[in-house]
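# Structural characterization, general
What follows is each chain in one-letter form.
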Amino acid sequence: MKIKKIKVQNFRLLKDFEIDLEDELSLVIGKNNTGKTSLLTVLNKFLNTGSFSFDDFNIDLKDQLKKLMSESISDDYNSLGITLKLFIEYNRTDYLANVSQVMMDLDPQNNYIVLAFEYLMDADKLKLLKESFEEFRVKELAKKTEKNGKGEEYEVKDLFFYLRRNHSIYFDLSTKSVLYDIVEKKEDDSKFLDLRDFKNVVKNIINFKYISAKRGVNNKENDKTLSLQTSEIYEKTESKDENDEEIEKFKDQLIETDDSLTEIYKPLFKKVVNKVKRFGGVKENDSLIKIESSLQDRNLLKGNTTVKYTHEKDVLPEHHNGLGYMNLISMIFEIEILIQDFKKKKDEKPADINLLFIEEPEAHTHPQMQYIFINNIKEFLGEGIVKGDDSRELQTIISTHSSHIVSECKFNDIKYLKKENANGIVSKNLSALEKDYLENGKEQAYKFLKQYLTLHRSELFFADKAILIEGDTERILLPAMMKKIDQN
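In this numbering scheme, every chain counts its residues from 1 along its sequence in written order. Restriction of local features to residues with pLDDT of at least 70 applies here, the model being predicted, together with a cutoff of 80 or more for giving and counting side-chain atom pairs; totals for whole chains, interfaces and linings are based on all residues. Calculation of side-chain values draws on the structure's entire complement of heavy atoms; hydrogens and water are dropped beforehand.

### Focus on the nonpolar core
Side chains that are nonpolar tend, in soluble globular proteins, to be buried together. This is how the line gets drawn: For our purposes a nonpolar core is just a set of buried Ala, Val, Leu, Ile, Met, Phe, Trp, Tyr and Cys residues, chained together by side-chain atoms within 4.5 Å. Here the term buried applies to any residue with accessible area under 20% of the maximum for its type, exposed to any over 50%, and partly exposed to those in between, with areas from a 1.4 Å probe on protein chains only. Helix and strand assignments come from DSSP, with helices taken as H or I runs of at least 4 residues and strands as E runs of at least 2, each series counted from the N terminus. For this analysis, residues touch if any pair of their heavy atoms sits within 4.5 Å.
I3, I6, L43, L65, L86 and I88 are the most contacted members of the largest nonpolar core, which has 59 residues in total. Take this core: its biggest share by element is 6 residues, from helix α1 (residues 36-49). Leaving out residues up to four positions away in the same chain, L43 has contacts with I6, N48, L84, L86, F208, L355 and F357. Residues F373, I377, V406 and Y446 belong to the second largest nonpolar core, which totals 29 residues.

### Thoughts on the confidence of the model for the protein
What counts here: pLDDT expresses, on a scale from 0 to 100, how confident the predictor is about each individual residue.
Per-residue pLDDT for the protein has a mean of 81; in total, 77% of the residues score no lower than 70. Taken as a whole, residues 217-223 scores under 50 in pLDDT and shows 17 contacts with residues more than four places along the chain or in a different chain.

### Structural notes on the pairing of strand β3 (residues 25-29)
Quick note on the threshold: Strand pairing requires that DSSP identify at least two bridges connecting the strands.
The buried fraction of β3 is high, at 5 of 5 residues. The pairing of β3 with strand β15 (residues 414-420) spans 3 bridges and is parallel. What sits directly across from L27, in β15, is I414.

### A few points about the pattern of salt bridges
Just so we agree on the cut-off: The term salt bridge refers to a side-chain nitrogen of Lys or Arg lying within 4 Å of a carboxyl oxygen of Asp or Glu.
Inspection of every chain in the model, using the stated rule, returns 25 salt bridges. Among the salt bridges present, the one from K45 reaches D56, with a minimum N-O distance of 3.2 Å. Here K45, found in helix α1, pairs with D56, found in the loop between α1 and α2 (59-68); they are 11 residues apart in sequence, far enough to count as distant. Judged on exposure class, the residue K45 and its partner D56 are both buried. Salt bridges sharing common partners tie together K5, K7, E18, K85, E187 and D189.

### Some thoughts on the sheet that holds strand β2 (residues 14-20)
This is how it is decided: The convention used is that axes are lines fitted to C-alpha atoms, helices contributing only their stretch in contact, and that angles between N-to-C directions extend from 0 to 180 degrees.
Reading across the sheet, the 6 strands line up as β2-β1-β4-β5-β6-β7 and stay open at both edges, with antiparallel pairing between neighbours. Strand pairing shows two members of the sheet lacking a second neighbour, β2 and β7 (186-194), which therefore form its edges. Averaged over neighbouring strand pairs, the angle between their axes works out to 25° when direction is ignored. Sheet topology places strand β6 (residues 172-181) next to β7; 6 bridges connect them, and they run antiparallel. Following the sheet pairing, K176 is matched in β7 by D194.

### A few points about the environment of Q340
As a reminder of what qualifies: Pairs of N or O atoms within 3.5 Å make up the polar contacts considered here, provided that, within protein, one atom can donate a hydrogen while the other can accept it, and that residues adjacent in sequence are counted only when both atoms are side-chain atoms.
The residue Q340 is located in helix α10 (residues 323-343) in this model. Distance from Q340 to V386, taken between C-alpha atoms, is 9.5 Å for residues 46 residues apart in sequence. Side-chain polar atoms of Q340 contact the side chain of E336, separated by 3.0 Å.

### Let's talk about the environment of K419
Mapped onto the elements of the fold, K419 is located in strand β15. Its relative accessible area of 52% is what places K419 among the exposed residues. K419 sits 406 residues away from L13 along the chain, and the two C-alpha atoms are 9.2 Å apart. Setting aside residues up to four positions removed in sequence, K419 forms contacts with N33, G424 and I425. At 3.5 Å, the side chain of K419 forms a polar contact with the backbone oxygen of N33.

### Focus: the sheet that holds strand β8 (residues 206-211)
One open sheet accounts for 6 strands, arranged β8-β11-β14-β3-β15-β16; its pairing is mixed. Either end of the sheet is taken by a strand with one partner, and the two such strands are β8 and β16 (424-429). This sheet shows a mean twist of 20° between the axes of neighbouring strands, independent of strand direction. Running over the sheet, α1 touches β3, β8, β11 (353-359), β14 (394-400) and β15 and is turned about 135° from β8.

This is the structure we're talking about:
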């Protein structure tokens, strides 16, 4: 079971956006401000936090809201707001207990469900907004008159100021299963199942986790990021069925340590125990106390494990290593923590779809390390979510600015985000280029393009413009010509 397509409307840069996903790894690339972080954020907000701010609204959506304040509400008004749609493909070999509860079409040829997550304002809430904002505007004008009468300046607060504080009153979160029309190959919004009472079912269908580009690693002396992550890895692992033998050995050793420490405590605390005893009680020996050791396995690791590096014959603390290695190790630790989260609790099955988003893994790393990362991470993530006899595949999105990571990925995995004036941000599947070239009889041209971009010049994905140089003469002359132009 996989997410094949994501559609987003009216969220930040993503006005009317859709992106196809690969079954295993989708590499999302593009220049700055092309919606890569917006894609991560909208997934997290709808699938995890359920919390939106007015600044999440697309600029065009804000303009529509402003326009509606001066117009009457038409009979054909459609609810307005932010939406996310996940197009999920399943097959007969998948575990279907969860998706069967949200299926809209029992046609055996239709193996798609569409989950729609919405933050919308319906006609009734729009009417309420118009009335409430008019009351607010009257009060604002009265304030301005009062302030002006005192010789003070006052700027009347506008609709955006009001909505920034009150949008949650007028916009409602909802989740639907929308019919997928197998003939038209698109969703039919008029036919849906309200999933308000199916929240647990939706969580059992899809579990979303992410690693943000804003990672907390640094190489300051007091930084213990990696060491603290080891205790979190243990905490997540201990709550699962796996590694029971190793965990029991650890706990047994703690019990033995408790017994030994309890014996050591007797002479250490003998004086205070006797002082308590002297106070007596209603009966003899009422005030006898005993000091025992009670080490807790989870608490013990917090602050008491240290990650160290071996360098030739020395063992060095974690902050002695470069930010690149710390970032790389921290990501591996974080992925391990999230994989444990994907497995859920001991008595729960993993979700049908486990979606991991890794944002800009190349931070602080040099080109060779980026090559190593992307080649190894594919194998690491390919292990999936294994919990006893139950297993689920891991579907991954990686966003990057690294041409080195791009060059090591499959050409068809690349999703190129770019700005287009009419549609805002659009996603271009490079796999679609093959179809276009072949249909126009340009098979050799496509073959050259694929080899050229993949092997030599993946930096072109991140360039505004490209200059092609034919030979050495042009290579020597062109920089001199550009310098002359700059000087003029």
